Amino acid sequence: MSRNLGVVDEPNPRGGADFLGIGRHAQALTEFIAVAPTPLTIGIQGEWGSGKTSVLNAIYFELEKPGNIKQIWINSWENSLLSTPEEALIKIINEILTSLIDCDISTSRAEKIKSLSSAVFKGALRVGSNLALGAKASEITDELLGQQASSIKQLRESLNAITCEIMERNTNPFKKIVIYVDDLDRIDPKDAVRVLELLKNIFNIQGCIFVLAIDYQVVVKGLESKFGKRTEENEWEFRAFFDKIIQLPFMMPLGQYDIGSYVGKLLTQVDFYSENEVDGDLLTSIIRLSVGGNPRSLKRLVNSASLIMLFIEADTENKKENILQNTQLKTVLLSLLCIQIAYPKIYELLVKYPGFTEWDRDIAFEQTNLLEEIDSVKFNKDLEIASKTEHFEEEWEKALFRICYVTQSYRKKAPEISQLLSLINDVVLKNNKEALEEIIGKVIEKTSVTTVNATEENMSSRPKFQKTNYGNWDSYSSSVLNDASKTETENIKGVHDRLIEIFKDDIEVRYSPKFISFRKASAAGRQKIAFTLTPKKKRIDLMVSLIETPELPKKPPAPDFFVEENIAGSRTWWRYQAKVDCVKNEEFCRLLEKVFSSIR
């Protein structure tokens, strides 16, 4: 039996199994269309990949059963290729006219219908048969739509006459005509709006229901040249344009999709999970907090998991640590893929510091450079409010809040990101919390092949596994400084030991992969001092972060090594820099002692 290695990104076919749980919505629309008066235009709204075509397919399949409704399918994107919006309109009408004539079983009546369409029909056929769609097609379009108002009026009247003729004849088995217009959101937004403007002139045809698959955001983007960027003040203009076209809007119910069942089914198809490993509720929670319910995004997720699975199976060096043999680790892998797709900035941070429950202000500072405190009053107020919620109670959650705060899109999603990470820690790894850092570090290695925003440089230099906190000097030096020279290591060790000797119990030390951070434990406002060694550049960077107080010196001490000063709200930070190979240990220690002694 052949093995499925991925899922195809195609709409659910007509009559296909309903794994998303949208069948009840499609059924309600089907029943409505069957009895609704005409003319009518229905808009199936949703973002690209949300399943609009699948809903159209489901409606089509159900309406085909009675045999008394003529259905016509129009792919607007195909008709717009290499065409102006006006040319696309005539090609679409050509398709509609040809399908309407096919309704008649009498040759004589077919000839009568053709004569009713007159020049409009002939011109549409001429454009439709002109495959080059060059100057000749433009000439025909100008001929038909040169006097656009009167031409389109004639066109609409001809179509009305044709549909009336079809509805009135005894040989006609059809009581209603349903015309589906799909893939409007694949057209350039400005052209899509123009096509809609032209199409709306033929929507008002007796006996016809138009069902449009449309993304409101595409309409908004296409109208920006007319109304400007959407704001609260001009929102009504965008909505008015939409409402003039659509009499019945239907929004794709992404929030109601049976995500757990759908993704679980796809993952079993590619042999990522066995059927008894699928936890639908857990999958639903992970996905709703990250990639959301868009079927296209979910298929991308499954295909990423399938590809990574093949890499793991091909890795003969790690046969003993095949994570595919452990359901818990597979769920961690899937969770990290969700973060990779939905929150790439957090994913990259997890690559550096996999032990997210150990994240603190030092790690946050490395990511933000205190940009969150540019407006310190507002930030501190927002942090205080957030800290009272269950999502930002712990130290690592507050660090996450800081990291997300500097980017508007992440700031809005910060609660969901916190919930997702907590879900990984408290549910997925509930029996292995003490090994969280090691598990995340090892599993995230496997996901690097599907990341989009990693550069060649950071992919090649990415460590296989990094601890967030090495705990002591010996562990740090053997892991982080193993490529440094003996002199460089001795200089760092000298500074390290001198600070501990000077401040004894009044200092907090953290050994992170990027730096060793030193905090004066008794300093007000969590003043801090931190330095990093960059072995390739043979440089020591010293960062001093201070809360403004009267006791602070107005000028940074040790000016020989001073680089820059930045002020963010009530916080000031100084940056010092020194070359490792030109700084004597004693000299650099005196610098640190001066700076540290200035902190009260």
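Summarised in this report is the structure supplied together with it. Note that the coordinates shown come from a computational prediction; the quantities given were computed from them, not determined experimentally.

Reading guide: rules and limits
- Residues numbered from 1 in each chain as written.
- Predicted model: local features only at pLDDT ≥ 70, side-chain atom pairs only at ≥ 80, totals over all residues.
- Heavy atoms only, no water.
- Axes fitted to C-alpha atoms, helices over the stretch in contact; angles between N-to-C directions.
- Helix = DSSP H or I, 4+ residues; strand = E, 2+ residues; numbered from the N terminus.
- Parallel < 35°, antiparallel > 145°, perpendicular 65-115°, else oblique.
- Contact = heavy atoms within 4.5 Å.
- Nonpolar A, V, L, I, M, F, W, Y, C, P; charged D, E, K, R; others polar.
- Salt bridge = Lys/Arg side-chain N within 4 Å of Asp/Glu carboxyl O.
- Buried < 20%, exposed > 50% of the residue type's maximum accessible area, 1.4 Å probe, protein only.
- Phe/Tyr/Trp six-rings, centres within 6.5 Å; stacked < 30°, edge-to-face > 60°.
- Lys NZ or Arg CZ within 6 Å of the ring centre and 35° of its normal.
- Core = buried A, V, L, I, M, F, W, Y, C linked by side-chain atoms within 4.5 Å.
- Polar contact = N/O pair within 3.5 Å; in protein donor to acceptor, adjacent residues only side chain to side chain.

**As for the packing of helix α16 (residues 361-368) against helix α18 (residues 395-405)**
Okay, so step 1: Where α16 contacts α18, the two axes come as close as 9 Å, and the packing angle between them is 10 degrees. In terms of orientation, α16 and α18 fall into the roughly parallel class. For the pair α16 and α18, the contacting residues are R361, A364, Q367 and T368 in the first and E395, A399, R402 and I403 in the second.
Okay, so step 2: Here the contact of α16 with α18 is built from residues that sort into three nonpolar, two polar and three charged.

**Some words on the pattern of salt bridges**
Okay, so step 1: Inspection of the entire model under this criterion finds nine salt bridges.
Okay, so step 2: Close ionic contact of E235 with R230 constitutes a salt bridge, the shortest N to O distance being 3.4 Å.
Okay, so step 3: Here E235 falls in the partly exposed class, since its relative accessible area comes to 24%.
Okay, so step 4: A salt bridge links K442 to E438; its shortest N-O distance comes to 2.9 Å.

**Observations regarding the packing of helix α14 (residues 327-342) against helix α19 (residues 408-428)**
Okay, so step 1: Orientation of α14 relative to α19, taken along the N-to-C sense of each, is 180 degrees, at an axis distance of 11 Å. With respect to α19, the element α14 is oriented roughly antiparallel. Counted together, Q328, T331, V332, S335 and I339 of α14 and L420, L421, I424 and V428 of α19 form the full contact between these two elements.
Okay, so step 2: Classifying every residue of the contact of α14 with α19 gives six nonpolar, three polar and no charged.

**Some words on the packing of aromatic side chains**
Okay, so step 1: A full pass over the atoms with the stated rule returns 14 aromatic pairs.
Okay, so step 2: Consider the rings of Y60 and W73, whose centres lie 6.1 Å apart with planes at 65 degrees: the pair is edge-to-face. Of this pair, Y60 sits in helix α2 (residues 52-64) while W73 sits in strand β2 (residues 69-75); the two residues are 13 residues apart in sequence, bridging distant segments of the chain.
Okay, so step 3: Accessibility expressed as a relative area gives 12% for Y60, which makes it buried.
Okay, so step 4: For the pair F392 and F401, a centre-to-centre distance of 5.2 Å together with 75 degrees between the ring planes defines the contact as edge-to-face. Across the pair, F401 and F392 agree in class, each one buried.
Okay, so step 5: Between R239 and the ring centre of Y216, over which it is positioned, the NZ or CZ distance is 4.2 Å.
Okay, so step 6: When the ring centre of W48 is taken as origin, the NZ or CZ atom of R296, which lies over that ring, is 4.0 Å away.

**Looking at the environment of L429**
Okay, so step 1: Mapped onto the elements of the fold, L429 is located in the loop between α19 and α20 (436-445).
Okay, so step 2: Sequence spacing of L429 and V332 is 97 residues, and the spatial spacing of their C-alpha atoms is 8.1 Å.
Okay, so step 3: Setting aside residues no more than four positions away along its own chain, L429 makes contact with Q328, V332, I424, L436 and I439.

**Remarks on the nonpolar core**
Okay, so step 1: Counting 92 residues, the largest nonpolar core has I339, I346, L350, W359 and L421 as its most contacted members.
Okay, so step 2: The element best represented in this core is α14, accounting for nine residues.
Okay, so step 3: If near-sequence neighbours (up to four positions away) are discounted, I339 is found in contact with P344, I346, Y347, L350, L420, L421 and I424.
Okay, so step 4: Formed by 40 residues, the second largest nonpolar core is a distinct cluster that contains I72, I179, I202 and C208.

**Quick notes on helix α8 (residues 189-199)**
Okay, so step 1: Burial of α8 is extensive: eight of the eleven residues sit out of reach of the surface.
Okay, so step 2: Of all the residues in α8, the buried ones are P189, A192, V193, V195, L196, E197, L198 and L199.

**Let's talk about unusual backbone geometry**
Okay, so step 1: The linkage connecting T38 with the following residue, P39, adopts the cis geometry, with an omega of 0 degrees.
Okay, so step 2: With respect to the helices, strands and loops of the structure, P39 is situated in the loop between α1 (23-35) and β1 (40-45).
Okay, so step 3: Backbone geometry at D183 places phi at a positive 65 degrees, although glycine is not the residue there.
Okay, so step 4: Residue placement: D183 occurs in the loop between β3 (176-182) and α8.
Okay, so step 5: Its identity is not glycine, yet D271 carries a phi of approximately 65 degrees, on the positive side.
Okay, so step 6: Within the secondary structure, D271 sits in the loop between α11 (259-269) and α12 (280-288).
Okay, so step 7: Note on D271: relative accessible area 43%, which makes it partly exposed.

**Thoughts on the environment of N79**
Okay, so step 1: Inspection of the secondary structure puts N79 in helix α3 (residues 76-80).
Okay, so step 2: For N79 and K91, which are twelve residues apart along the polypeptide, the C-alpha to C-alpha distance reads 6.3 Å.
Okay, so step 3: In contact with N79, not counting residues within four places along its chain, are I74, A88, K91, I92 and E95.
Okay, so step 4: Here E95 takes part through its side chain, which lies 2.9 Å from a polar atom of the side chain of N79.

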